[in-house]
Amino acid sequence: MTLLEFARGPALQWSVTVFIVGALWRLLGVFLLRSRKDLSEPRNRAAWKGLRLIALRSWPRREFLGGTAFGEVMGYAFHLGFLLTLFFYVPHVLFFADVSRGLIGTDLQGLTGFAWPTLPNGVITLLAGISIAALVAVLVHRIVNPIKRLISNFDDYFSWFVTIAPLLTGLVAFAHFAGWPYERLLAWHLLSVELLLVWFPFGKLMHAFTIFAARGATGLIFERRGASL
Amino acid sequence: MTGPTTTRKPEPLDFDQPRVSIPKPEYRFDMQGEVPEAERVERAMKSFVKDFGRTAAIYMESCIHCGMCAEACHFYEVTQDPKYTPIWKLEPFKQAYKREYGPFALVYRALNLKPKVTVERLQQWQQLIYDSCTVCGRCSLICPMGIDIAALVSQARHGMYAAGLIPHELWAVTERARLEGSPLGATPKVFKDRLEWLADDHEVEIPVDKGNADVLCTMSSIEIMKYPDSVVATARIMNHLGVDWTFRLDGYEATNFGLLAGNSAAQKQLTRKLIEAAVSCGAKTVILPECGHAYTALRWMGANMYGEPLPFKVQHIAEFLADQARAGKLKLKKLDKSVTFHDPCQVVRRGGAIEAPREVLKALGVELREMYPTKGTNWCCGGGGGVVANHRADELRYKTFKIKMEQIEDTGAEMPVTTCANCRQTFDDGQAHFKWDVRMHSLLELVADHLVEDDA
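Anyway, here's the lowdown on the structure attached to this text. (Residues numbered from 1 in each chain as written. Chains lettered and ligands numbered in written order. Predicted model: local features only at pLDDT ≥ 70, side-chain atom pairs only at ≥ 80, totals over all residues.)

Focus: the interface of chain A and chain B
Across the boundary between the two partners, chain A contributes 47 residues, which contact 46 residues of chain B. Put simply, the parts of the chain that give the side of chain A that touches chain B at least two residues each are α2 (10-31), α4 (65-88), α8 (146-151) and α11 (207-225) of chain A. When residues of the side of chain A that touches chain B are assigned to their parent elements, the largest contribution, ten residues, is made by α11 of chain A. In terms of residue class, the side of chain A that touches chain B is made up of 19 nonpolar, 14 polar and 14 charged. (Contact = placed C-beta atoms within 7 Å. Helix = DSSP H or I, 4+ residues; strand = E, 2+ residues; numbered from the N terminus. Nonpolar A, V, L, I, M, F, W, Y, C, P; charged D, E, K, R; others polar.)

Things to note about the nonpolar core
Ranked by size, the top nonpolar core spans 156 residues in total, and within it Cys69, Val286, Leu288 and Val360 of chain B carry the most contacts. Here the element with the most residues in this core is helix α8 (residues 149-162) of chain B; it accounts for eight residues. Here cysteine 69 of chain B is in contact with Thr85, Pro86, Ile87, Cys139, Ile142, Cys143 and Ile149 of chain B, once residues within four sequence places are set aside. Residues Ala7, Leu197, Trp199 and Phe202 of chain A belong to the second largest nonpolar core, which totals 16 residues. (Core = buried A, V, L, I, M, F, W, Y, C linked by C-beta atoms within 7 Å. Buried ≥ 20, exposed ≤ 12 C-beta atoms within 10 Å, placed from the backbone.)

Here we look at the sheet that holds strand β3 (residues 215-217) of chain B
All names here are of chain B. Pairing within the open sheet is parallel, and its four strands lie in the order β4-β3-β5-β6. Edge positions in the sheet fall to β4 (245-246) and β6 (313-316), since each has one partner strand and no second. Here strand β5 (residues 285-288) pairs with β6 via four bridges, running parallel. Opposite valine 286, over in β6, you have valine 314 as the bridge partner. Packing of helix α15 (residues 292-300) onto the sheet brings it into contact with β5 and β6, and relative to β5 it is tilted by some 160 degrees. (Pairing = 2+ DSSP bridges. Axes fitted to C-alpha atoms, helices over the stretch in contact; angles between N-to-C directions.)

As for the packing of helix α9 (residues 154-174) of chain A against helix α10 (residues 182-199) of chain A
Residues and elements named next belong to chain A. Across the interface, α9 lies against α10 with an axial gap of 9 Å and an inter-helix angle of 160 degrees. If you check the angle between α9 and α10, you find them roughly antiparallel. Taken as a pair, α9 and α10 cross one another with a handedness that is left-handed. Residue-level contacts link Phe158, Ser159, Val162, Thr163, Ala165, Pro166, Thr169, Gly170, Val172 and Ala173 of α9 to Tyr182, Leu185, Leu186, Trp188, His189, Ser192, Val193, Leu195, Leu196 and Trp199 of α10. Here the contact of α9 with α10 is composed, by residue class, of 14 nonpolar, six polar and no charged. (Parallel < 35°, antiparallel > 145°, perpendicular 65-115°, else oblique. Left-handed = near helix turned anticlockwise from the far one by under 90°.)

Observations concerning the packing of helix α17 (residues 317-326) of chain B against helix α18 (residues 356-363) of chain B
Residues and elements named next belong to chain B. Two elements in contact, α17 and α18, have axes whose closest approach is 8 Å; the angle formed by their N-to-C orientations is 50 degrees. By the criterion of interaxial angle, the relationship of α17 to α18 is oblique. Considering only the axes of α17 and α18, their crossing is left-handed. Together, Ala318, Glu319, Leu321, Ala322, Ala325 and Arg326 of α17 and Ala356, Pro357, Glu359, Val360 and Ala363 of α18 make up the contact between the two elements.

Structural notes on the pairing of strand β9 (residues 415-418) of chain B
Residues and elements named next belong to chain B. With four bridges joining them, strand β7 (residues 338-342) and β9 adopt parallel strand pairing. Counted as the bridge partner of histidine 342 is threonine 418 from β9. Sheet topology note: the β9/strand β10 (residues 441-442) ladder contains two bridges and is parallel. Within the sheet, the bridge partner assigned to threonine 418 lies in β10 and is serine 442. The β-α-β motif built from β9, the intervening helix α20 (residues 421-434) and the parallel element β10 has right-handed crossover chirality. (Right-handed = clockwise from strand over helix to strand, strands pointing away.)

Below, the structure written as structure tokens:
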């Protein structure tokens, strides 16, 4: 079995399994906990309106903008760069279509008649570059900023590593770096993605799911009281 | 946890080596009772996780260590010391959650990925959890994950109380409240004597212990002992409005140091007293005084402590006054001044009574000059959450108070007004400390002073 066959075969299957089982375990471990009913008389009966906090908290209040601008801008830069690269790069779209056909016998086009849109390679390269630059900036900030340095732990640094690794290996594979065989570069790219998948349920990357629950829970409680969102 | 408090000095700790940019903190910690150290930790963690529900667990799973919460904290703002980063104040409890309670606790314990929390660590954190957090919740508004950090600090205080690791002053006043009915010595006898004296002195009728009344009024011990004019103001306004009201000697003290100290049993006991007094006289409404945490304790936590919905309505005095003004019942003489309003955190930001005090100010006809920031994001006075009662925190508190001085002076308003006696007390103390020539005013007392008596 070649490295690429390993990365495409058992490594992919196991990492996806760990990702799904681990993420479900962590989410269920939290969501199955009891939640006491609040017996106080609500100020606002339509507490569900507090769910707007999920969207509202995506950008800080004007009063807080000065101190948070760097984190917000860099955060958006690497998240958007990462996600656009992941979902709109032609080989990724082909890969997802392939996986989809393997799982349910068809892809999005077969299912809906619409093809998944893609972005030109040049744009994707730029986005990946922006994402990498922003990730480097947030790492430097984490090391240099006394607040972040104090509160950081292994999870912060390792999660950073597994996030930047697929971007770097992807760019290297795209550029056919140093004339290495493309199969080897592709295998490393796949393995770096699989590392991300394996780590995902155990570290802070899970905020991709819990962010909605945390914001939503706070929104419901605060709206019920009429408190500031 | 009962037993005398002992005060300890710092001991050298292995993990407390000086950091590159963070000076080793000076700290003092207090301990209650004589308990083996391991048992203290166990009690802390058991109590911390006892009430651990889904929401708190979601919060614990969501922090991304972005550090933005520091930017919202007045203690960080004035010191620029990273140890005052709000989420850092929870570090031992985050550690304990991962190790003992989270979905992967088994893995963390088996591989010792998160070390067991030690009593030394909790002792060190006492200062962060009690002296440098007013539970004002400003950090909860900045967190991009939406974590209510203030709620978690309150939960951590439960653990600290159970471990016998709270500041002596908070422990002492909570014990006093539990045993005597008031943290500042406003016992039923003292309260009764004061009411008689105030009624005589101010020629105002103050009904006490009526068997039946539509409205039960309550006071905070700060008002009873330091600002008795607020008691008179309450009586004047109620009489002016023709309300069927009473004070009750079996339930008048709205202050709840059990909530601030993390002593759930005391919190419940003090809350139940008010509820039972209200039920005894068939009150339809309980009016809470100008006290921030009293509002949280009864308005938002009372029913949960009682175990069923409260059979009466609970209002902060400012909400009651706003209702009366809106209904056209509260006739006031114009207060021809420019005023700025200090938002008490528990009433406004976390309590939701954002506009009520402003409606009352409007009824007074003042020119309202808002601070910046204001309402939900207004800065805390620095004395909430029991901090003003904790004298070892004075130096730090005075630093935060400078923010308020600056905010108020920037408005150019002739007088600052608030609707929390604890904030008012913090302002009076800050005024004396800095020899500042600005005095904080009570919204309640201003209303009482401007009643149009002809309408009575």
